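A structural walkthrough
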Amino acid sequence: MQADPFNRNCGSRKVLDRIGDRWSVLIVLTLADRDRRYGELAERVDGISQKMLTQTLRGLERDGIVTRTVHPSVPPRVDYALTELGRSLLDLVAGLEAWATTHLTEVEVARARYDAS
């Protein structure tokens, strides 16, 4: 059976849901340059709740995009890093970020025009 994200029962749709989620995109971008601790991720991704950060990291780990490494120390230190699979997403999510920042003004103008009508 070939992957078909337009079919609601296809697993590829769940992959798209994961990598298309705003929190996942921001976490992948945050991990692009180096491993990060949980607190660093929470600080960098403004507006994400502790619950959503934890859920998103678990989902990314489950999908093989992020690794979680617990270091034996007091208090325990946990680092998150992109896997090779996660690194393969970087061009895609960086492209989304670039598009969003480049076209922000145009989108805001379109929204204002729509809202005014």
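Presented here is a report on the structure given in the accompanying data block. Because the structure is a prediction, the values reported are computed rather than measured.

What follows concerns the overall build of the protein chain. Within the protein chain, the secondary structure is distributed over seven helices and three strands. Reading the helices (α) and strands (β) of the protein chain from amino to carboxyl end gives α-α-β-α-α-β-β-α-α-α. Within the protein chain, counting contacts between residues at least 6 apart in sequence, those at least 24 apart form 44% of the total. For the protein chain, the exposed area adds up to about 8600 Å²; of that, 53% sits on carbon and sulfur atoms.

Our next topic: the pairing of strand β2 (residues 66-71). Pairing of β2 with strand β3 (residues 77-82), which is carried by six bridges, proceeds in the antiparallel orientation. Across the sheet, residue R68 finds its bridge partner in β3, namely Y80. Linking two consecutive strands that pair antiparallel, namely β2 and β3, is a turn of five residues.

With that settled, the discussion passes to unusual backbone geometry. Cis peptide bonds are those with omega within 30 degrees of zero, and the linkage from V74 to P75 qualifies with -10°. For P75, the position within the fold is in the loop between β2 and β3.

Here we come to the environment of R8. Of note, R8 is situated in the segment before α1 (11-20). Along the chain, R8 and R77 lie 69 residues apart, while their C-alpha atoms are 39 Å from each other.

Pairing within the open sheet is antiparallel, and its three strands lie in the order β1-β3-β2. Either end of the sheet is taken by a strand with one partner, and the two such strands are β1 (36-37) and β2.

Rules used in this analysis
Residues numbered from 1 in each chain as written. Predicted model: local features only at pLDDT ≥ 70, side-chain atom pairs only at ≥ 80, totals over all residues. Heavy atoms only, no water. Helix = DSSP H or I, 4+ residues; strand = E, 2+ residues; numbered from the N terminus. Contact = heavy atoms within 4.5 Å. Areas by Shrake-Rupley, 256 points an atom, 1.4 Å probe, with all protein chains shown as cover. Pairing = 2+ DSSP bridges.

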